[in-house]
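As a plain string of letters, each chain reads:
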Amino acid sequence: MNNQKEKDMLLENKNVVVYGAGGAVGSAVARGFAHEGARVFLTARNLDVIDTVAKEISAAGGAVETAVVDALDEKSVTEHLDAVVADADSIDVSFNAIGISPVGLQGIPLTELPVENFLRPITTYAQAHFITAKSAARHMIARRSGVIMMHTPEPARLPLPLVGGMSVGWAAMEGLNRALSAEWAQHGVRAICLRTTGMVETPVIDVVYGLHADALGITKEQFIALASGMSHRKRPTTPAELTAAAVFLASDRASAMTGTVANLTGGIIVD
């Protein structure tokens, strides 16, 4: 029975690096990858935020390592990946799940938003994702195999008010995803973006929806109902749904998928 379970694991013998692994998305995806047999390398700027996740993965029988890595620092990223390859021999999946606080960036009309606050998410997301993707791809191209993954919410595509530079930053990520695939897919390296709604279980969305509710003069509960009602199924994406899709898309079963956005918005956006 155990041998059959191992055969069924989608990510058996895969080495996965997760950036921003202490956040709600990063930790959920890391647990999902580990559950499917991957050896997971968790990174964050502070070990304290990933220690609990690492202990949970280890207690469940998963293989996990932790390291302090700043995704905005190319030297920090490349040195860590060199160490991972020296230890594990490969990097099969790189998932960048970093995030920044929405305070001062969302819930503010564009006419009142300081230029530096508008630019912060654009420059932060573009820089971090370019660094982590570029650094991983150098190892992946040499082996002609690998998957670069990222996550965006629906304002990357859907025009919504009071989102500031966040929507532009997320749209830039999706554009980068297409560019990575155009150059690297021919060398066996796939690029995948997963687009969801705001996930109400996550702490950051709790803050975001509070900012938007205050700006609109309604309660947070009313804003949640408004946002959820935009989808065809009248409910938002869950972290579990994102994780399930990420696991499949990281696996060899999704080998034909690259340069694309997996639409997990439940119908808010219809392709």
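Rules used throughout
Residues numbered from 1 in each chain as written. Predicted model: local features only at pLDDT ≥ 70, side-chain atom pairs only at ≥ 80, totals over all residues. Heavy atoms only, no water. Helix = DSSP H or I, 4+ residues; strand = E, 2+ residues; numbered from the N terminus. Rg over C-alpha atoms; globule rule 2.2 N^0.38 Å. Buried < 20%, exposed > 50% of the residue type's maximum accessible area, 1.4 Å probe, protein only. Phe/Tyr/Trp six-rings, centres within 6.5 Å; stacked < 30°, edge-to-face > 60°. Pairing = 2+ DSSP bridges. Axes fitted to C-alpha atoms, helices over the stretch in contact; angles between N-to-C directions. Contact = heavy atoms within 4.5 Å. pLDDT = per-residue confidence, 0-100. Parallel < 35°, antiparallel > 145°, perpendicular 65-115°, else oblique. Salt bridge = Lys/Arg side-chain N within 4 Å of Asp/Glu carboxyl O.

1. Quick notes on the overall build of the chain
When helices and strands are counted, the chain shows 9 helices and 7 strands. Its C-alpha atoms give the chain a radius of gyration of 18 Å, near enough to 18 Å, the size a compact globule of 271 residues would have. When its C-alpha atoms are laid out on the principal axes, the chain stretches across 55 × 40 × 40 Å. Burial status across the chain gives 50% buried among its 271 residues.

2. Remarks on the packing of aromatic side chains
Think of a pair of aromatic rings as described by two things: how far the centres are apart, and how the planes are tilted against each other in angle. Applying the stated criterion across every chain, the model contains 3 aromatic pairs. Ring centres of Tyr125 and Trp170 lie 6.5 Å apart, and the angle between their planes is 35°; this geometry places the pair in the tilted category. With Tyr125 in helix 5 (residues 115–143) and Trp170 in helix 6 (residues 166–184), this pair connects stretches of sequence that are 45 residues apart. This pair shows no difference in class: Tyr125 is buried, exactly as Trp170 is. Note on Tyr209 and Phe223: the rings are 5.0 Å apart at their centroids and 70° apart in plane angle, and the pair reads as edge-to-face. One end of the pair, Tyr209, is in helix 7 (residues 203–216); the other, Phe223, is in helix 8 (residues 220–228), and 14 residues separate them in sequence. Judged on exposure class, the residue Tyr209 and its partner Phe223 are both buried.

3. Here we look at the pairing of strand 5 (residues 146–153)
Most of strand 5 is tucked away, with 8 of its 8 residues classed as buried. Residues Gly146, Ile148, Met150 and Thr152 point to one face of strand 5 and Val147, Met149, His151 and Pro153 to the other, with burial holding for every one of them. Here strand 4 (residues 93–96) runs beside strand 5; their pairing, made up of 4 bridges, is parallel. Residue Asn96 lies in a different strand from strand 5, and its bridge partner there is Met150.

4. Topic: the sheet that holds strand 7 (residues 260–264)
What the 7 strands build is an open sheet, ordered 3-2-1-4-5-6-7; its pairing is parallel. The open sheet has two edge strands with one neighbour each: strand 3 (63–68) and strand 7. Going from strand to strand, the sheet's axes swing by 20° on average, the running direction of each strand aside. Contacting strand 5, strand 6 (189–196) and strand 7, helix 6 crosses the sheet at an angle of about 160° to strand 5.

5. Details of the confidence of the model for the chain
Scored by pLDDT, the chain comes out at a mean of 96, with 97% of its residues at no less than 70. Low pLDDT (under 50) marks residues 1–6, which in the prediction has 1 contact with non-local residues, meaning those over four places away or in another chain.

6. Side note on the packing of helix 7 against helix 8
Axis separation between helix 7 and helix 8 bottoms out at 8 Å; the angle between their running directions is 105°. Between helix 7 and helix 8, the angle falls in the class roughly perpendicular. Facing helix 7, whose interface residues are Asp206, Tyr209, Gly210, His212, Ala213 and Leu216, helix 8 presents Lys220, Phe223, Ile224 and Ala227.

7. Examining the pattern of salt bridges
Tallying each qualifying case throughout the model produces 11 salt bridges. One salt bridge connects Arg39 with Glu65, and the closest N-O pair in it is separated by 3.3 Å. Of the two residues, Arg39 is situated in strand 2 (residues 39–44) and Glu65 in strand 3; the sequence distance between them amounts to 26 residues. The exposure class assigned to Arg39 is partly exposed, which follows from its relative accessible area of 22%. Salt-bridge contacts for Arg235 lead to Glu241; the nearest nitrogen and oxygen are separated by 3.3 Å. Overall, the relative accessible area of 38% leaves Arg235 in the partly exposed class. Taken together, the salt bridges that share partners define one network made up of Arg39, Glu65 and Asp87.

8. Quick word on unusual backbone geometry
We note that Asp89 has phi near 85°; this positive angle belongs to a residue other than glycine. With respect to the helices and strands, Asp89 occurs in the loop between helix 4 (74–88) and strand 4. Despite not being glycine, Leu162 shows a phi value in the positive range, around 65°.

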